[in-house]
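These are the residues of each chain, in order.
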Amino acid sequence: MGALLDQKYEKLFSLLDTNGDGVIAEDDFELMAGRVLAASREEDTQKGKKYAGEMMNYWRALRSSADADGDGRIDREEFRRALRQVSDTFDTLVGPLYHAGFHLADRNDDGLVGREDFVVVLAAIGVPATEAGATFDRLTEGNGQLAKDQLMTAATQYYCDEDPANTASHLLFGTL
Ligand SMILES: [Ca+2]
Ligand SMILES: [Ca+2]
């Protein structure tokens, strides 16, 4: 597996280690879900609960596939090894969280997400706002509205794809 995937998994690890203690554990997901819901003011809504639920599902699926030594914490090496297998399980492991994130950011439920709402969510998971804005512009090719298919393509390619031409997907969470 190539260096590009490893760079992306490293970036993802840094974001998911929300409290920065060098391992990914349940408390990181609780912290991140709390930040996203607070930033989008969806703490008590159906969408917010759905997102928080998917965050915990992601954690449980990740733990069951990645936590090789069973200590409830996932270190960098365990994470990288697990994500290399992810193309087989993307739809169940990763897809639902991105669906829920999209619906959270689609504030008026018209199937499109605007720049500002996208930036709020990405900033809440730790991507600097200027980089999140640039991500949005790349994904939408400057069109100003993000469709769910565009996000799902980017997410799939972020986890599974090594073609250097798909820059917009590789930079989904900002610079590598
Ligand atoms: Ca952590
Ligand atoms: Ca919308």
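Before going into details, it helps to say that this report is about the structure given with it. (Residues numbered from 1 in each chain as written. Chains lettered and ligands numbered in written order. Predicted model: local features only at pLDDT ≥ 70, side-chain atom pairs only at ≥ 80, totals over all residues. Heavy atoms only, no water.)

Tallying secondary structure elements over the chain gives 10 helices and 2 strands in all. Listing each helix as α and each strand as β along the chain from the N terminus yields α-α-α-α-α-α-β-α-α-β-α-α. The globule rule puts the C-alpha radius of gyration for 176 residues at 16 Å, and the 15 Å found for the chain is close to it. Taken along the three principal axes of its C-alpha coordinates, the chain extends 45 × 40 × 25 Å. (Helix = DSSP H or I, 4+ residues; strand = E, 2+ residues; numbered from the N terminus. Rg over C-alpha atoms; globule rule 2.2 N^0.38 Å.)

This part covers unusual backbone geometry. Leaving glycine aside, a negative phi is the common case for residues, and trans is the common case for peptide bonds. One non-glycine residue, Arg41, adopts positive backbone phi at about 50°. In this structure, Glu141 takes a positive phi of about 50° despite not being glycine. Along the chain, Glu141 turns up in the loop between helix H8 (129-140) and strand S2 (145-147). Looking at Glu141, the relative accessible area reads 74%, which means it is exposed. (Buried < 20%, exposed > 50% of the residue type's maximum accessible area, 1.4 Å probe, protein only.)

Mapping Glu42 onto the fold places it in the loop between helix H2 (26-40) and helix H3 (46-66). Under the relative-accessibility criterion, Glu42 is labelled buried at 9%. For Glu42, the side chain forms a polar contact with the side chain of Thr45, separated by 2.6 Å. Among the polar contacts listed, one links the side chain of Glu42 to the side chain of Arg107, at a separation of 3.5 Å. Once residues lying within four places of it in the same chain are set aside, the contact partners of Glu42 are Leu37, Lys47, Gly48, Leu104 and Arg107. (Polar contact = N/O pair within 3.5 Å; in protein donor to acceptor, adjacent residues only side chain to side chain. Contact = heavy atoms within 4.5 Å.)

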